Amino acid sequence: MNFGKLKTALKGLINRKDLSDSLAGDFINRAIDEIERRLRLQASEVLLIAGTWDGSGNSILIPPNYLELIDIFTDDGVLETVTLDKFLRSPREGCPEVYTKAGPNWLIRPTPAAGTKVYVRYYGEK
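Residues numbered from 1 in each chain as written. Predicted model: local features only at pLDDT ≥ 70, side-chain atom pairs only at ≥ 80, totals over all residues. Heavy atoms only, no water.

(A) Inspection of the pairing of strand 7 (residues 105–109) at higher detail. Among the five residues in strand 7, five count as buried, and that is most of the element. The side-chain alternation of strand 7 yields two buried faces, one formed by Asn 105, Leu 107 and Arg 109 and the other by Trp 106 and Ile 108. With three bridges joining them, strand 2 (residues 59–61) and strand 7 adopt antiparallel strand pairing. Across the sheet, residue Ser 59 finds its bridge partner in strand 7, namely Leu 107. Looking at chain direction, strand 6 (residues 98–102) and strand 7 are connected through five bridges and run antiparallel. Within strand 7, the position partnered with Val 98 by the bridge is Arg 109. (Buried < 20%, exposed > 50% of the residue type's maximum accessible area, 1.4 Å probe, protein only. Helix = DSSP H or I, 4+ residues; strand = E, 2+ residues; numbered from the N terminus. Pairing = 2+ DSSP bridges.)

Structure follows, in structure tokens:
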């Protein structure tokens, strides 16, 4: 069913004289947005590659289209999500092993060395 037919069907269901094509279209678009936020389809998977490490920073800003995290990994393996307490007790040097969410960021420890690639797979809003 195309968008025009959907609007016509919606107008027929609601049966209000003050329901314009534009308003019916807005209702349909808002419903689609809500459905897409709840679904976790492979098509909504996103891969973020964080590769601009300088050896001192250890955070990745959570993207604005983020819905749900799948995993964070490096070429050496998948990082483990931990509590803030365990994160703070983790070593600061070496290969990244753990992460935690803090505000609008994911924090990684040990701090990635310069040139390390950290991959973030997540479900994102289109």
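Resuming the write-up.
(B) Focus on the sheet that holds strand 7. Spatially, the four strands line up as an open sheet ordered 2-7-6-5, and their pairing is mixed. Only two strands of the sheet have a single partner each, and these edge strands are strand 2 and strand 5 (80–81). Direction of pairing for strand 5 relative to strand 6: parallel, over a ladder of two bridges. Residue Glu 80 lies in a different strand from strand 6, and its bridge partner there is Val 98.

(C) Molecular detail of the nonpolar core. Ranked by size, the top nonpolar core spans 13 residues in total, and within it Ile 60, Ile 72 and Trp 106 carry the most contacts. When contributions to this core are tallied by element, the ones reaching two or more residues are strand 3 (66–74), strand 7 and strand 8 (118–124). It is strand 8 that provides the largest number of residues to this core, a total of three residues. With residues up to four places along the chain from it excluded, the contact list for Trp 106 reads Asn 58, Ser 59, Ile 60, Ile 62, Pro 63, Tyr 66, Leu 69, Ile 72, Tyr 99, Thr 100, Lys 101 and Val 120. (Core = buried A, V, L, I, M, F, W, Y, C linked by side-chain atoms within 4.5 Å. Contact = heavy atoms within 4.5 Å.)

(D) Structural detail: the packing of aromatic side chains. This structure, assessed with the given rule, holds three aromatic pairs. A ring pair is formed by Tyr 66 and Tyr 122, whose centres lie 5.9 Å apart and whose planes are at 45°; its orientation type is tilted. Placement of Tyr 66 in strand 3 and of Tyr 122 in strand 8 is noted, with a sequence separation of 56 residues between them. What makes Tyr 66 partly exposed here is its relative accessible area of 24%. Take Tyr 122: its relative accessible area is 4%, and that puts it in the buried class. (Phe/Tyr/Trp six-rings, centres within 6.5 Å; stacked < 30°, edge-to-face > 60°.)

(E) Main features of the sheet that holds strand 3. The strand order across the open sheet built from four strands is 1-8-3-4, with neighbouring strands paired in antiparallel fashion. Unpaired on one side and paired on the other, strand 1 (45–50) and strand 4 (77–78) mark the two borders of the sheet. The sheet contact formed by strand 1 and strand 8 spans six bridges and is antiparallel. Within strand 8, the position partnered with Leu 48 by the bridge is Val 120.

Function cannot be read off these values alone, since they describe shape.
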